[in-house]
Amino acid sequence: MRFIIRPPLVAALCAALLGPAAAEPDKALLDKAEAMKGPTLSLLKTLVDQDSGSTDEAGLSAVAAVVADELKELGAKVEAHRAAAPGKAENLVATVEGTGKARILLMAHMDTVFREGDAAKRPFRIENGRLYGPGVVDDKGGIALGISALKILNEIGFKDFASLTLLLNSSEEIGSPGSRALIEETAKAHDVALNLEPGRPADGLVTFRKGSGRAYVTVKGKSAHAGVAPESGRNAAAELAHQVLQLGGLGDKDKGTSFNFTVLKAGTASNIIPEDAEAIADVRVRTADEFDRVEKDLKEKSQEKAVPDSTVRVRLERNFPPMPKNDRTDALAEKAQAIYGELGRKLTLEGSGGAADSSIAAGAGVPAIDGLGIVGGEIHTPNEYGEEASVAPRLYLLTRLIMETAKAK
């Protein structure tokens, strides 16, 4: 018996095996993204070469001034919001009004983890296809990319949104203490939040993040001479060691909960039984109810003491809420993957144990994804880098994602 497979059948078989072919890219938009690469890098250099640590008010103000000028040239309404201590610099909220229905929020942050003088020591440079400098991708690359996307939309006259807002935080690296209320309020006024944190090294987006918190354990004992009468004391360091060992098991690997002691303090001199001791643990959770469980277990377990007559106090401080994976974030991520596929690129989807401002937006009930900035790695180190080749593709991705999100409303 002889089988004849006709061309239409071959095409059908290929489609079944390989899936539908990716759509062709928007050639005009891709040309715009590629042409905007040079200006994006120029703006990035200006931003990177200005120190802007989280408590560097003068440096952050200088970055904000550069950014505000760029946004005002685009016709955006730019508002400055003074942050509360310890981040004292202003946050910026820039809004472009459109003619459509969607309210889209872009987020990035102006502060870095680096110290004053680092920009002079390690100014922006391009070497072997990589971009270097303090905060080059975390998150000055995100700022530059966001502004460039707005420029492209302005050039092509795209206004099919009700509002397009860029929120720039001045204290993200220290937990957004003075910006949280502003982020929550602004997020609630939008339909979606797109965070311009660095793209993952595998060319990925972040679709869920763990919530973060800190657990504090303080022990009060009784001091005594360590050589003459140690038995008359109550060793706070010994009790703290006991607590660290037993409370260190509060994590739950299956639920993605981690509980890690990272700071321990005790004693003032080697010949004195310590009266006071303290430990701080980093806590990460995937779901908000795990914060409740950890807090309950922390209080109950800490009552099991090893040193009689010592006093143990504990508390859990919740910082960033979890950014959970859900149907709405999945839909955003799938849209982004389809757009990237137009360029013949695969966009990976990842989760992260690190917290970010997208978690605050998600906690306010707004669908959010992040990692939409320039692809890079070794963040928070002197070797932080961005991939130069990712600038134009990521700019295309962000611009198209804004357009498609606006049209879908």
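Residues numbered from 1 in each chain as written. Predicted model: local features only at pLDDT ≥ 70, side-chain atom pairs only at ≥ 80, totals over all residues. Heavy atoms only, no water.

1. Topic: the sheet that holds strand β4 (residues 125–127)
Stated precisely, the cut-off is as follows: Strands qualify as paired when DSSP identifies two bridges or more between them. To qualify as a helix, a DSSP run of H or I must reach at least 4 residues; to qualify as a strand, a run of E must reach at least 2; elements of each kind are numbered from the N terminus.
Taken together, four strands build an open sheet; the order of strands is β4-β5-β18-β17 and the sheet is antiparallel. Two strands bound the open sheet, and with one partner strand each, they are β4 and β17 (376–377). Judged from the two bridges that link them, β17 and strand β18 (residues 385–387) form a sheet pairing that is antiparallel. In the sheet register, G376 faces β18, and the bridge partner there is G386.

2. Considering the pattern of salt bridges
Note the following rule: For this analysis, a salt bridge means a side-chain nitrogen from Lys or Arg found within 4 Å of a carboxyl oxygen belonging to Asp or Glu. Each residue is placed in one exposure class: buried if its accessible area under a 1.4 Å probe, protein chains only, is under 20% of its type's maximum, exposed if it is over 50%, and partly exposed if it falls in between.
Across all of its chains, the model carries 33 salt bridges by this definition. A salt bridge links E387 to R130, with the nearest nitrogen and oxygen atoms 3.3 Å apart. Taken as a pair, E387 in strand β18 and R130 in strand β5 (residues 130–132) lie far apart in primary sequence, 257 residues in all. With relative accessibility at 25%, the residue E387 sits in the partly exposed group. We note a salt bridge from E317 to R214, for which the minimum N-O separation is 3.6 Å. Note that E317 is positioned in strand β14 (residues 311–318) and R214 in strand β9 (residues 211–220), a separation of 103 residues in sequence. The partly exposed category is assigned to R214, whose relative accessible area is 39%. Taken together, the salt bridges that share partners define one network made up of K255, E290, R293 and D297.

3. So, the packing of helix α2 (residues 27–35) against helix α12 (residues 391–408)
The criterion, for reference: Orientation is described by axes fitted as lines to C-alpha atoms, over the contacting stretch for helices, and by angles from 0 to 180 degrees between their N-to-C directions. Should an angle fall under 35 degrees it is called roughly parallel, over 145 degrees roughly antiparallel, and 65 to 115 degrees roughly perpendicular, with every other angle called oblique. Should the near helix be turned anticlockwise from the far one by less than a right angle, the crossing is left-handed, and should it be turned clockwise, the crossing is right-handed. Whether two residues touch is decided by their heavy atoms; if any such pair falls within 4.5 Å, the residues are in contact. Each residue gets one of three labels, nonpolar for Ala, Val, Leu, Ile, Met, Phe, Trp, Tyr, Cys and Pro, charged for Asp, Glu, Lys and Arg, and polar for the others, Gly among them.
Interaxial distance between α2 and α12 falls to 8 Å at its minimum, and their mutual angle equals 130°. On the basis of the axis angle, α2 is oblique to α12. As α2 packs across α12, the resulting crossing turns out to be right-handed. Between α2 and α12, the residues in contact are L29, L30, A33 and E34 and A392, L395, Y396, T399, R400 and M403, respectively. The residue inventory of the contact of α2 with α12, partitioned by class, reads seven nonpolar, one polar and two charged.

4. Comments concerning the sheet that holds β9
Taken together, four strands build an open sheet; the order of strands is β11-β13-β9-β14 and the sheet is antiparallel. Pairing within the sheet leaves two strands with one partner each, and these edge strands are β11 (258–266) and β14. In this sheet, neighbouring strand axes are inclined to one another by 15° on average, regardless of whether the strands run parallel or antiparallel. Each of β9, β11, β13 (276–285) and β14 is contacted by helix α8 (residues 236–247), which is oriented at about 170° to β11, the strand it contacts most. Strands β9, β11, β13 and β14 of the sheet are contacted by helix α9 (residues 288–301), whose axis makes an angle of about 175° with β14.

5. Describing the layout of surface pockets
Let me state the cut-off plainly: The rule is simple: put a 1 Å grid over the protein atoms alone, call a set of points where a 1.4 Å probe fits but cannot get out a cavity, call an open set with protein on both sides within 12 Å along at least five of seven lines a pocket, and count a residue as lining if it has an atom within 4 Å of a point. Grid points are joined across faces, edges and corners, and a volume is the space filled by probe spheres set on the points.
As a volume, the largest pocket reaches approximately 580 Å³. In terms of lining, the largest pocket is formed by 27 residues, of which the most central are E172, E173, F320, G354 and A355. Among the elements of the structure, β8 (204–209), β9, β13 and β14 are those that each provide at least two residues to the lining of the largest pocket. If you tally residues by element for the lining of the largest pocket, the top one is β9, at three residues. The class makeup of the residues in the lining of the largest pocket is eight nonpolar, eight polar and 11 charged.

6. Details of the environment of L106
Within the element layout of this structure, L106 appears in strand β3 (residues 103–109). Linking L106 and L250, residues 144 residues apart in sequence, is a C-alpha distance of 36 Å. The residues touching L106, leaving out its near neighbours within four places in the chain, are L164, T165, L166, L167, L194, L196, L398 and I402.

7. Quick look at empty space enclosed by the protein
Scanning the entire structure with this criterion turns up two cavities of 30 Å³ or more. As for the largest cavity, its lining consists of L74, V96, L150, L153, N154, F158, K159, F161 and L164. Here the element with the most residues in the lining of the largest cavity is helix α6 (residues 140–156); it accounts for three residues. Classifying every residue of the lining of the largest cavity by side-chain character gives seven nonpolar, one polar and one charged. Forming the walls of the second largest cavity are V48, Q50, D51, S52, T112, F114, R115, P134 and K140.

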